[in-house]
Amino acid sequence: MSQECILSGMLSVTGKKVLHMDRNPYYGGESASLTPLDLVFKHFGKEPPKGDDVYGRGRDWNVDIIPKFLMANGQLVQLLISTGVTRYLEFKSVEGSYVYKRDGKIHKVPADEKEALASSLMGMFEKRRFRKFLQFVQEFDENDPAKWQGVDPNAMPAYKLYEKFSLDENTQDVTGHALALYLNDKYMNNPCKELISRCKLYSDSLSRYGKSPYLYPLYGLGELPQGFARQVAIYGGTYMLDKPNLKIRYDEQGKVVGVEDDKGDMARCDVLVCDPTYVPEKCKSIGKVVRAICILDHPIPNTKDAPSVQIIIPQNQVNRKDDIYVCVVSNTHQVCPKGFYLAIVSTTVETSSPEQELKPGLDLLGPILEKFVSVSDLYEPDDDGKESRVFITKSYDATTHFETTCIDVLQTYRRITGENFDPSKIQRQSEDGCQQEQQEQ
């Protein structure tokens, strides 16, 4: 879901007056779920199939433009709980998490010790070393140096931590990309504190439900921005959709004063939050991402017919600079008719043939009934927005999880308010808008 929707909810529950305007006729911007299926074909410039029974009932499809999973113990879930938006949503866990190795096969990331012992991801001696590493991660406490085992988390680089536990390159790939969820290997020279924290998040999220660390909302990601919209309304905020020609107005000092629509009516404001497409002149390009949304009539081969999975293809396994991501959802999440599956393959563009870069992921899917490919520019703001009071979020990256998005949300909230988001400051409201007594989280 769009960062702006999350920020609208966070600002409204802490007492800010919010007006949310969107050029689209639907909630969520780039992270919307499109329905019926005909709308998906039109969105990608394709002719819808003729006949009602080709892909089942069109209204049974809820197709995410930019699909992502939620970490069960991740920051977005914590934000949903603290703001109260979970009351409007239902989630279901994702069945499994897999990682690709250069032998051309995918291997399940173990969900428990029994699976770890039977896993073909690594040999027996490597499993013992990996187990010691995971035990270290679980017992690690940054506030208790006695549990650091000689590791200075703020000084020792990640690659040195791997060396300490004698983990081989394949295990490092699994750890850094399938557990810590890094996009590439740039993290290797950074202090290992973040690596430890990310591995711990994966483990904690996995322990919540047991099958995988990922959750996905029933009826698609479009339910998330709608949940935040409802929450904003309870706190007195307003949503205005289908406003295609919005113009941002500034005073003589370059500070934002309002947003004007195509009729010349202006909504005045002290702070404006938007994505890069509204103010491209204030942003810089940092690359491109290519995505392929595929309709299948079968589960992914070699996943034991799992109705939903995530597969990560680490960069080194396919001689790339960035990972390739595959996520699959199905009727169990109410996003397509029974017997169909939605598979999404994405990566950061590295060549002049973006779609060809997806081939290692597409090859894992088996026969594809329909494919929608898009290439999107990645932008980030040129400045922090403190002078103009225009706060711009970053574009969605290629990952199939929300952790990087939530980092951007929390940083943007801090730039806007000058402080970290504090759930204890939420002004509780009931459905009828009456303020309730403050509750401790």
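Residues numbered from 1 in each chain as written. Predicted model: local features only at pLDDT ≥ 70, side-chain atom pairs only at ≥ 80, totals over all residues. Heavy atoms only, no water.

Per an unreviewed UniProt entry, the protein goes by the name Rab GDP dissociation inhibitor and belongs to Pomacea canaliculata. Looking at the protein in UniProt, the text filed under Function (unreviewed entry) is "Regulates the GDP/GTP exchange reaction of most RAB proteins by inhibiting the dissociation of GDP from them, and the subsequent binding of GTP." What the UniProt record of the protein gives under Sequence similarities (unreviewed entry) is the line "Belongs to the Rab GDI family." (UniProt positions renumbered as here; feature names shortened; annotations may be inferred.)

Colleague: Before we move on, can you summarise the layout of surface pockets with the specific residues and values?
Modeller: Taken as a whole, the largest pocket spans an internal volume of roughly 1200 Å³. Lining the largest pocket are 50 residues; nearest its centre among them are Glu4, Met21, Leu272, Val273 and Cys274. When contributions to the lining of the largest pocket are tallied by element, the ones reaching two or more residues are α1 (3–13), β1 (19–21), β12 (266–268), β13 (272–274) and β18 (370–381). Ranked by the residues each element gives to the lining of the largest pocket, the list is headed by α1, at six residues. (1 Å grid on protein atoms, 1.4 Å probe; cavity = no way out; pocket = protein on both sides within 12 Å on 5 of 7 lines; lining within 4 Å. Points joined across faces, edges and corners; volume = space filled by probe spheres on them. Helix = DSSP H or I, 4+ residues; strand = E, 2+ residues; numbered from the N terminus.)

Colleague: Kindly report on the sheet that holds strand β5 (residues 91–93), identifying the contributing residues and their values.
Modeller: The three strands are arranged β4-β8-β5 in an open sheet whose pairing can be described as antiparallel. Of all strands in the sheet, those with a lone pairing partner are β4 (70–71) and β5, marking the two edges. Inspection of the sheet shows β4 paired to strand β8 (residues 214–217) by two bridges, in the antiparallel sense. The residue bridging Met71 from the neighbouring strand is Tyr214, located in β8. (Pairing = 2+ DSSP bridges.)

Colleague: Can you lay out the packing of aromatic side chains for me, pointing to particular residues and giving the numbers?
Modeller: By convention here, two paired aromatic rings are described through the distance between centres and the angle between planes. Applying the stated rule across the entire model yields 17 aromatic pairs. Plain terms: the ring middles of Phe136 and Phe165 are 5.3 Å apart, the flat faces sit at 45° to each other, and that makes the pair tilted. Placement of Phe136 in helix α5 (residues 124–139) and of Phe165 in the loop between α6 (158–164) and α7 (169–179) is noted, with a sequence separation of 29 residues between them. Summarising the burial analysis for this pair, Phe136 and Phe165 share the class buried. Note that Lys46 overlies the ring of Phe372, its terminal NZ or CZ placed 5.2 Å from the centroid. Sitting over the face of the ring of Tyr182, Arg198 holds its NZ or CZ atom 4.0 Å from the ring centroid. (Phe/Tyr/Trp six-rings, centres within 6.5 Å; stacked < 30°, edge-to-face > 60°. Buried < 20%, exposed > 50% of the residue type's maximum accessible area, 1.4 Å probe, protein only. Lys NZ or Arg CZ within 6 Å of the ring centre and 35° of its normal.)

Colleague: So, the sheet that holds β18: which residues are in play, and what are the values?
Modeller: An order of β7-β6-β15-β16-β17-β14-β18 is seen for the seven strands of this open sheet, with the pairing classed as mixed. Single-partner strands in this sheet number two, and they are β7 (106–108) and β18. When the angles between neighbouring strand axes are averaged without regard to direction, this sheet yields 20°. Relative to strand β15 (residues 309–313), strand β6 (residues 96–100) is paired through four bridges, and the arrangement is parallel. From the neighbouring strand, Tyr98 faces β15, where its bridge partner is Ile311. (Axes fitted to C-alpha atoms, helices over the stretch in contact; angles between N-to-C directions.)

Colleague: Tell me about helix α3 (residues 75–83), and please be specific about residues and values.
Modeller: Among the residues making up α3, those that are buried are Leu76, Val77, Leu79, Leu80, Ser82 and Thr83. Those residues of α3 hidden inside the fold are in contact with α1, β4, β5, β8, α9 (223–234) and α12 (403–417). Gly84 lies just past α3 and shows a positive phi near 85°. (Contact = heavy atoms within 4.5 Å.)

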